[in-house]
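Close look at the chain arrangement
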Amino acid sequence: SSSNTTNNGNNTVYIEEFLEWAETTVPMMASSLSTFLHVLFNFFCQKNDGNTHRFPPGVTPLLMPALSIDQTDKKPTSSSSVSPLSYFFTEANTSADLFALASTSITLASGRFHRLFSSEADGLSCNRLMNGLIGYGGPTLIIIRSKDIKGKCGAGMFGAFTYSSWDKESGEFYGNSDSFLFRLGPDPMGVYRPKGEKSNFMFFNPEARSKGYDQLAWGIGFGGTAQEPRLYIDEILDGSTAKDKDLTFENGPLLSNKDESNSYCGFEVEAIEAFGVGSSQVIEDAMNARDEHRKEAQKRIRNAMKGAKAAFLEDMQSGLVGAKVFKHRDEMRGRDGGCDMEKEG
């Protein structure tokens, strides 16, 4: 049949429409049947790095990603003594949302979702999220759950995927077209891929980079402009926004906007997680890149502190510091009324 009609006859989905939707939204879903058959009849040769089976040439598998965690010395902020692997994917082997995301990209279709940040374990902080991402040298997925705002925006689950590394702080966009925005619920799933008009894919601009003088958005952004990204995670989490359209990604809502006349929706973050995604080797290399980035950052800080200390000691030895102090006192004496402190003495 070329169509499927519900019992009340109010909704018809044509097969052509479904195939077009599947091809653009969940292109990996077509691999689910072949994957199931190969696993069922044991056509794979042997296990590869623990979780991924080796399939015959020409077969691109769709496997449920394995969840893993970034081991740190942080303690969970929840009441539980052990931090769960994910706030969003509580039942990793049967999560419909995990399967839906795996169906959107070959990068997400197998391998691992390695948690880099979780607001449940690390605290609801954009600065900690940014610290978990900066320097990470591989593909990442950010997932957000927003609160319901009465009369404005409904609660929802949405986010962004990018294949490019978060390798720099910048007031300019970077990245490539292997990225997309998505909505998981509660409305029907939507995936918004680049449409080729602009290349404003990803944006990482902490306020400390420019000391707040660049007049740009401070935080993490996708699409839109540097002043108003389409999906914007504000650095202090009080001005985050999600828009229905921009010139980089395909149009479509990320959130349920209760005011249909307005495509702009501010949201409050209830929970947020970031994952490094891909094979075990890709994640291991990306984690090593982040470690190196952190070592370089610490080295720059130490060098800056040494430079400042050396300059201060040089001033002390040359008498410049004392001269500056006495100069300031003399200037105070020269003001009208003299120096009150000396009069009191």
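Before going into details, it helps to say that this report is about the structure given with it.

What counts as what
- Residues numbered from 1 in each chain as written.
- Predicted model: local features only at pLDDT ≥ 70, side-chain atom pairs only at ≥ 80, totals over all residues.
- Heavy atoms only, no water.
- Helix = DSSP H or I, 4+ residues; strand = E, 2+ residues; numbered from the N terminus.
- Contact = heavy atoms within 4.5 Å.
- Areas by Shrake-Rupley, 256 points an atom, 1.4 Å probe, with all protein chains shown as cover.
- Polar contact = N/O pair within 3.5 Å; in protein donor to acceptor, adjacent residues only side chain to side chain.
- Buried < 20%, exposed > 50% of the residue type's maximum accessible area, 1.4 Å probe, protein only.
- Lys, Arg positive; Asp, Glu negative; His and termini not counted.
- Salt bridge = Lys/Arg side-chain N within 4 Å of Asp/Glu carboxyl O.
- Phe/Tyr/Trp six-rings, centres within 6.5 Å; stacked < 30°, edge-to-face > 60°.
- Pairing = 2+ DSSP bridges.
- Axes fitted to C-alpha atoms, helices over the stretch in contact; angles between N-to-C directions.

**Focus: the overall build of the protein**
Looking only at helices and strands, the protein features 9 helices and 16 strands. Intrachain contacts of the protein at a sequence separation of at least 6 include 63% that bridge at least 24 residues. In the structure as shown, the protein presents an accessible area of about 19,400 Å², 52% of it carried by carbon and sulfur atoms.

**Concerning the side chain of glutamate 235**
Note that glutamate 235 resides in the loop between β13 (231-234) and β14 (241-243). At 2.8 Å, the side chain of glutamate 235 forms a polar contact with the backbone nitrogen of glutamate 207. Setting aside its immediate chain neighbours within four residues, glutamate 235 contacts Cys126, Asn127, Met130, Asn205, Pro206, Glu207, Trp218 and Gly219.

**Here's the deal with the environment of proline 194**
Within the secondary structure, proline 194 is located in the loop between β10 (190-192) and β11 (203-205). C-alpha separation for the pair proline 194 and asparagine 176, spaced 18 residues apart in sequence, amounts to 9.2 Å. Here proline 194 is in contact with Ser177, Ser179, Phe201, Thr248 and Phe249, once residues within four sequence places are set aside.

**Thoughts on the side chain of glutamate 273**
Tracing the sequence through the fold places glutamate 273 in strand β16 (residues 269-278). For the buried glutamate 273, no salt bridge exists, and the shortest N-O distance to an oppositely charged side chain is 5.0 Å, to arginine 115. Looking at glutamate 273, its side chain comes within polar contact range of the side chain of serine 118, at 3.2 Å. Apart from the residues within four sequence positions on either side, glutamate 273 is in contact with Ser86, Tyr87, Phe88, Arg115, Phe117, Ser118, Leu141, Ile142 and Ile143.

**Here's the deal with the packing of aromatic side chains**
Across all of its chains, the model carries 11 aromatic pairs by this definition. An angle of 70 degrees between the planes, with centres 6.1 Å apart, marks the rings of phenylalanine 89 and phenylalanine 113 as edge-to-face. Taken together, the residues phenylalanine 89 in the loop between β5 (66-69) and α3 (96-102) and phenylalanine 113 in strand β6 (residues 112-118) connect sequence positions 24 residues apart. One exposure class covers both phenylalanine 89 and phenylalanine 113, and it is buried. Taken together, the aromatic side chains of Phe89, Phe113 and Phe275 make up a single cluster linked through ring pairs.

**Here we look at the sheet that holds strand β9 (residues 179-185)**
With mixed pairing, 7 strands are arranged side by side in an open sheet as β5-β6-β16-β7-β8-β9-β10. Whereas interior strands pair on both sides, the edge strands pair on one side only; in this sheet they are β5 and β10. In this sheet, adjacent strand axes meet at a mean angle of 25 degrees when their direction is disregarded. Contacts from helix α5 (residues 126-133) reach β6, β7 (140-146) and β16, with the element oriented near 140 degrees to β6.

**Focus on the pairing of β7**
Within β7, 6 of the 7 residues are buried, leaving the element largely enclosed by the surrounding structure. Pairing geometry for β7 and strand β8 (residues 156-162), over 7 bridges, is antiparallel. Counterpart to isoleucine 142 in the pairing with β8 is alanine 160.

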